[in-house]
Amino acid sequence: MNTPLPPAEELALIDRELAQLDARRVHLLARRDWLLRILRQSGPAPAGWGPVPAGPPKETSAPSAQNVLLTLGAVLLAVAALAFTLVSWGSMGIAGRSAVLAAVTAAALLAPVALLRRGLGSTAESVAAVGLLLTVLDAYALYAVGMPDANGFGYAAGAAAVLAAVWAGYGSALRKLRLPLPAAVLAAQFPLPLAALAAQAGPLELGWALLATAALDAALALRVRAAAAPAAALTAVALLIGVAESWSAGSAGQALAPAALLLAGAALGIAAAWREPRAWVAALVGGLAAVVSLGGLARPGLTDSVGDGAWVVLVHLLVALPLLTAVRVCVLPAAVRRGLARAGVAVTALAALSAGAAVVPTLLARLRVLEEVWAVTAPTPTAYAPGAAGVLVLLTAAGAAWWLSRVLARPEPGVVAVVLAWAGLFTAPVLLGFPAAAVFAAQLAVTGAAGALALRSPVRGAGIAAAVCALVGAANVSVGALDGRAATFAVWGLLGAACAVGAAYGPAPRRVRAGAAVCAVGYATGVLVAAAAVTDLAVVWWALPVLAVPALAAALGPRLGAVRVPVESAAAVAGALAVALSAGRTGTLALVLALAGVVCAGAAVRPERRAVGWAAGALFVAATWVRLADAGVTTPEAYTLPVTVPALVVGFLRRRRDAGASSWTAYGPGLAATLLPSLLAALDDQDWVRPLLLGLAALTLTLIGAWRRLQAPLLLGGAVLAVVAVHELAPYVVQVAGALPRWVPPALAGLLLLAVGATYEKRLRDARRLRDAIGRLR
C-alpha cells in the first residue's frame, strides 16, 4: 500500500483517530444509559431498547425458541393425559377419576387467565390447548364410564355440539387466545353428519347434513374467517354426493331428490359470492351444480328413449346457456356475474369437447381411401357418430362463443366460434348419413364458406381460424375424392378454381391470398397428374404435363402481382416433382431437365429474375450429364473440356475489360463444367490415374487462385482436392482404425475436443480472419 505520508507520520495519524473514536463511543454509551434511566422512571422502556449487543448473533430469536419449548411441553402434556386416560384409568375409583379429570381440566382452562395478565401469551396459548384436549378426554371418559351402551355416533354428535359451544364461549371470554375459536369451528363440523350416521341415513340425508353444516359455516364466516375453509369443503362433498345420486337415478322421479340437494348447494354458493366479492369460485360451483341438477332430471328419460349420450350433453348445454347472459345482468354483484358466466363457459367447453370427439375420427376415416385409390368404395357407417345431437351441440356452442365475442369484444371466443361452426357443419353430412354426392357437395360448400370468411373477415383471429379450417376441409375433401376418378377431377378442379379466385381477390389479407395461390398451384398440379394417370402412360411420362405448371407460372409472372412469389415457389416445387417422376428412366430425365432449363431460361429474361439463369445453366448441364451417362460415356472430360476451355477464355477476356467482375462469373461456370463431372467419375473409378490427374489439376487451380487472389479457382480447386484426398485415403484410414484398440478413437476424439475447446477463442478469431480473407478475394 503506497501513501504520500511517511510510515511514522501515518501511524501517528491512525492512533489519533482511533483515540477519538474510543472517546466518542464512551460518550455515546454514557448518554444512552442516562436516557434509559429517564425512560424507565417515566414508564416501561420502548421495545427493542436494551443492552448493546456484544458478540455474534444468536441462531434463534427468543420468541421462536420460546414457541418451540412451549409446543414441545404441550405435546408432552397431551401424551401424558392420553396415557393416563387410556392406561391408568381403570386403577382408580369413580370418584377419583372424576376428581382428577375435573381438577386438571379446570386448572388447564383457568391458568391462561393469569398467564395473560402477566403478558405470557405464548404460554397461555399452550396451556389452553392442553385444556381443550382435556375436555375431549372428559367427554370420552363420560362415555366410557357413564354411558357405555349409548349409540357411539349419537353420543359423538352431542359431545361435538357441546364442545363446540363450550370452546366458542371460552374463546369469546378470552379474546387474546387464538386457538379456542378455530377449535370450536372445527368441532361444529361434526354434530349434524354424525347425527345422520347415527340415524342410519342414506347418502342424500348425509349430503343434506353436510350442506346444512356448510350453510352454518358460511354464515359464521362473515365474522370468523376460519369457517370459510370448512364451508367450502363440506359443500364440495355434499355436491359430489348429489351428482353421484343424480347420475345413478333410474327415472326422473328418482332424480328429484338429488336435484333438490344440488339446487340448494347452488343457492348456497351464489349467496356466498353475493356477500363476499372475492368468492366468485363459489358462484362458479353453484352454477355448475344448477346445470347438473336440471340436466339430471332429463337424463333418465333421454337415456331410455334415445339411448344416445349426446342428447344428454345437449340438454346440459341448453341449461347452461342462460348462465352466459350473467355478464349482461348489471344488478348482480361482480363476483356472481363472473362465477356464473365462467360456469356457463365451462359447461359449453365440456359439451363442445364431448361432441368434438366424433369430429376427429370422422376426418381420419377418409384416410382409408389412400389404401386403394379410385376404388369407388361405399362409405362405411361410423358407430361412434352421435348423429344430429352432436351437430346441434357443436353449432349451439359455436353460437354461444360468437355471442360472447360480440359482448366481451375479445377475439378469442370468435376464433372458437369459427372452429366449432366449421366442425359441426363439415361433419354434419357424414354424421347424419347423407349420400356420398350430397356429402361432397355440402362439405365443398362449407369449405368455400370458410375460405370466403377468411378473405373478408375484419377480425384477424377469426380470419386466420377460418383459413385454417378451409385448408383442413379442402385437404380432407381432396383425400376423399380419390375414391373415384370423376370425383377427383370434379372436386380438385372446383377447389383449384376457388383458390385461384381467392388469390386474385385484392382486398383479402396478403397471407391468405398467398396461401390460396399456393393451393391453386397445388391443385393444378394434382389435376395434371390425375389426367396423366388416366391415360395409362408410364409414370416417367407424367412429368411432361406437370412441367406445364412452372411454364405457365413463368409466363404469367409479371401479371401475378402480390402473389407472384408464392406462385413461383409452388411452381418450383411442381418442377421438382416433375424431375422426381422422370427419375425412373435416364432418357426421360434428361429431357425433363432440359425442358426445365428452358422454363428457367425463359423466366430469367426478365430483369428481376436474372438469378434464375443460374438454375437454367445448372439444369442444362445436368441434362447433358444425364444424357452422357445414358449413352455409356466413361470419359466425360472429352465432352466437358471443349466447353470449359472456351468458357475460361471468355471469362479471361471479360475480366480484362472489367477488372471488377467476380471470378465466379468469369471462371465459375467453365471450371464447374469439368471439375464436377470429373469428380463424380473419379469417385466411381477403381483406378488411380483419374484421381491423380484430377487432384493435380485441382491443386494447380488452388495455387493459381491463391496467387492471383481469385475466389472461384481457390474454393473450387480446394474443395475438389479435399474430396479426392478423402476418397483415396479413406480405405487406409479404415484399416488403421480397425487395427487400433477400440478405446483409441474415442480418446483421440476427446483430446481433439479438449484442444479445440481450450483454444476456442483463438480458433474463432482464425476462422473470422479466414472468412475475411476469402471475402477480400475477387
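Residues numbered from 1 in each chain as written. Predicted model: local features only at pLDDT ≥ 70, side-chain atom pairs only at ≥ 80, totals over all residues. Heavy atoms only, no water.

### Considerations on the overall build of the protein chain
Threshold: Strands are runs of DSSP state E lasting at least two residues, helices are runs of H or I lasting at least four, and both sets are numbered from the N terminus onward. Burial classes: relative accessible area under 20% of the type maximum marks a residue as buried, over 50% as exposed, and values in between as partly exposed (1.4 Å probe, protein chains only). Should any heavy atoms of two residues lie within 4.5 Å, those residues are counted as being in contact.
When helices and strands are counted, the protein chain shows 31 helices and zero strands. Within the protein chain, the proportion of its 778 residues that are buried is 36%. Once local pairs closer than 6 in sequence are excluded, the contacts in the protein chain between residues at least 24 apart make up 65%.

### With respect to the side chain of Ser246
With respect to the helices and strands, Ser246 occurs in helix α9 (residues 228-247). With residues near it in sequence (within four places) discarded, Ser246 still touches Pro258, Leu262, Val292, Gly296 and Arg299.

### Observations regarding the packing of aromatic side chains
Filter applied, for reference: Here the aromatic set is Phe, Tyr and Trp, taking the six-membered ring for Trp, and pairing holds for ring centres within 6.5 Å; pairs whose planes are under 30 degrees apart are stacked, those over 60 apart are edge-to-face, and all others are tilted. Each ring is checked for a lysine NZ or an arginine CZ that lies within 6 Å of its centre and within 35 degrees of its normal; such an atom marks a charge sitting over the ring.
This model, assessed by the stated rule, comprises one aromatic pair. Taking 5.0 Å as the distance between ring centres and 25° as the angle between the ring planes, the aromatic pair formed by Trp422 and Phe426 counts as stacked. With Trp422 and Phe426 both in helix α16 (residues 411-431), this residue pair falls four residues apart, about one helical turn. Of the residues examined, Phe426 reaches a relative accessible area of 0% and is grouped as buried. The positively charged end of Arg342 is found above the aromatic ring belonging to Trp280, 4.6 Å away from the centroid. Above the face of the Trp707 ring, Arg708 is positioned so that its terminal group lies 5.4 Å from the ring centre.

### Topic: the confidence of the model for the protein chain
To be explicit about the condition: Note: pLDDT gives the predictor's confidence per residue, expressed from 0 to 100.
When pLDDT is averaged across the protein chain, the result is 81; 86% of the residues are at 70 or more. Mean pLDDT across the secondary structure elements of the protein chain bottoms out at helix α2 (residues 62-88), with 51, and peaks at helix α21 (residues 543-546), with 92. Counted against residues more than four places away or in other chains, residues 47-70, with its pLDDT under 50, gives 14 contacts. Note that residues 381-385 has pLDDT below 50 and, in this model, five contacts with residues that lie over four places away or in other chains.

### A short note on the pattern of salt bridges
Applied cut-off: Salt bridge, as used here: a side-chain nitrogen of Lys or Arg that lies within 4 Å of a carboxyl oxygen of Asp or Glu.
Tallied over the entire structure, the rule returns four salt bridges. Between Arg278 and Glu276 there is a salt bridge whose closest N-O contact spans 3.3 Å. Given a relative accessible area of 63%, Arg278 falls into the exposed group. In this structure, Arg627 and Asp630 form a salt bridge, with 3.6 Å as the shortest nitrogen-oxygen distance. With a gap of three residues between them, Arg627 and Asp630 both fall in helix α25 (residues 612-630), about one helical turn apart. Judged by relative accessible area, Arg627 falls into the partly exposed class, the value being 42%. The exposure class of Asp630 is partly exposed, given its relative accessible area of 39%.

### Some remarks on the nonpolar core
How we decide: Working definition of a nonpolar core: buried Ala, Val, Leu, Ile, Met, Phe, Trp, Tyr and Cys residues. They are joined through side-chain atoms within 4.5 Å.
The biggest cluster of nonpolar side chains holds 32 residues, and the ones touching the most others in it are Trp422 and Val491. Considering each element in turn, this core owes the most residues, five residues, to helix α18 (residues 460-481). For Val491, the contacting residues outside a window of four places in its chain are Phe440, Leu444, Val477 and Ala481. In this structure, Val549, Leu593, Ala616 and Leu619 belong to the second largest nonpolar core, which totals 29 residues.

### As for helix α27 (residues 663-683)
An α-helix turns once every 3.6 residues. As a result, residues three or four positions apart point the same way. Heads up, the condition is: The term bend refers to the angle at a residue between two fitted axes, each drawn through seven residues, those ending there and those starting there. Identification of polar contacts relies on pairs of N or O atoms within 3.5 Å, with a donor-acceptor requirement for protein atoms, meaning one able to donate a hydrogen and the other able to accept it, and with residues adjacent in sequence counted only if both atoms are side-chain atoms.
The sharpest bend along α27 reaches about 35° and sits at Ala672. The N-cap of α27, judged by a side-chain oxygen 3.2 Å from the amide nitrogen of Trp664 a few residues on, is Ser662.

### Structural notes on a nonpolar patch on the surface
Definition in use: To count toward a patch, a residue needs a relative accessible area above 30% and no salt bridge. Like charges then connect within 9 Å, nonpolar side chains (Val, Leu, Ile, Met, Phe, Trp, Tyr) within 5 Å. In this description, accessible areas are obtained by the Shrake-Rupley approach with a 1.4 Å probe, and a residue is regarded as covered only by the protein chains that are shown.
A cluster of nonpolar side chains, Leu537, Trp541, Leu544, Leu591 and Leu595, forms an exposed patch at the surface whose accessible area comes to about 390 Å². Inspection of the secondary structure assignment puts Leu537 in the loop between α20 (510-534) and α21.

### Here's the deal with the environment of Arg299
Mapped onto the elements, Arg299 comes out in helix α11 (residues 280-305). Distance in space between the C-alpha atoms of Arg299 and Ala252 is 7.7 Å, their sequence separation being 47 residues. Apart from residues lying up to four places away in sequence, Arg299 is in contact with Ser246, Trp247, Ser248, Ala249 and Val312.

### Observations concerning unusual backbone geometry
A positive phi angle, near 55°, is found at Ala409, a position not held by glycine. Of note in the backbone geometry, Arg709 takes a positive phi value of approximately 60° without being a glycine. Tracing the chain through its elements places Arg709 in the loop between α28 (689-708) and α29 (711-739). Owing to a relative accessible area of 43%, Arg709 belongs among the partly exposed residues under this scheme.

### Quick word on the environment of Ser248
Here Ser248 lies in the loop between α9 and α10 (256-275). The sequence separation of Ser248 and Gly296 amounts to 48 residues, and the corresponding C-alpha distance is 9.4 Å. Looking at Ser248, its side chain comes within polar contact range of the main-chain oxygen of Ala244, at 3.0 Å. Within the structure, Ser248 has its side chain in polar contact with the backbone oxygen of Glu245 (distance 3.2 Å).

### Regarding helix α12 (residues 309-324)
Stated precisely, the cut-off is as follows: Every helix has an expected span of 1.5 Å times one less than the residues it contains.
Relative to the 22 Å expected for 16 residues at 1.5 Å per residue, α12 spans 23 Å between its end C-alpha atoms, a close match to the ideal helical length. Among all positions in α12, only Ala310, Val312, Leu314, His316, Leu317, Ala320, Leu323 and Leu324 are buried.

### Structural notes on the packing of helix α22 (residues 548-555) against helix α23 (residues 564-581)
This is how it is decided: Fitted lines through C-alpha atoms serve as axes, helices being fitted only where they are in contact, and the angles separating the N-to-C directions of these axes extend from 0 to 180 degrees. Here is the rule for angles: anything less than 35 degrees is roughly parallel, anything more than 145 is roughly antiparallel, 65 through 115 is roughly perpendicular, and the remaining ranges are oblique. The handedness criterion is simple: a crossing whose near helix is rotated anticlockwise from the far helix by less than a right angle is left-handed, and one whose near helix is rotated clockwise is right-handed. All amino acids are sorted into three groups, where Ala, Val, Leu, Ile, Met, Phe, Trp, Tyr, Cys and Pro are nonpolar, Asp, Glu, Lys and Arg are charged, and the leftover types, Gly among them, are polar.
Interaxial distance between α22 and α23 falls to 8 Å at its minimum, and their mutual angle equals 155°. When the axis of α22 is compared with that of α23, the two are roughly antiparallel. Handedness of the α22/α23 crossing: left-handed. Contacts between α22 and α23 involve Val549, Pro550 and Ala553 from the first element and Val567, Ala571, Ala574 and Gly575 from the second. Of the residues that constitute the contact of α22 with α23, the class distribution is six nonpolar, one polar and no charged.

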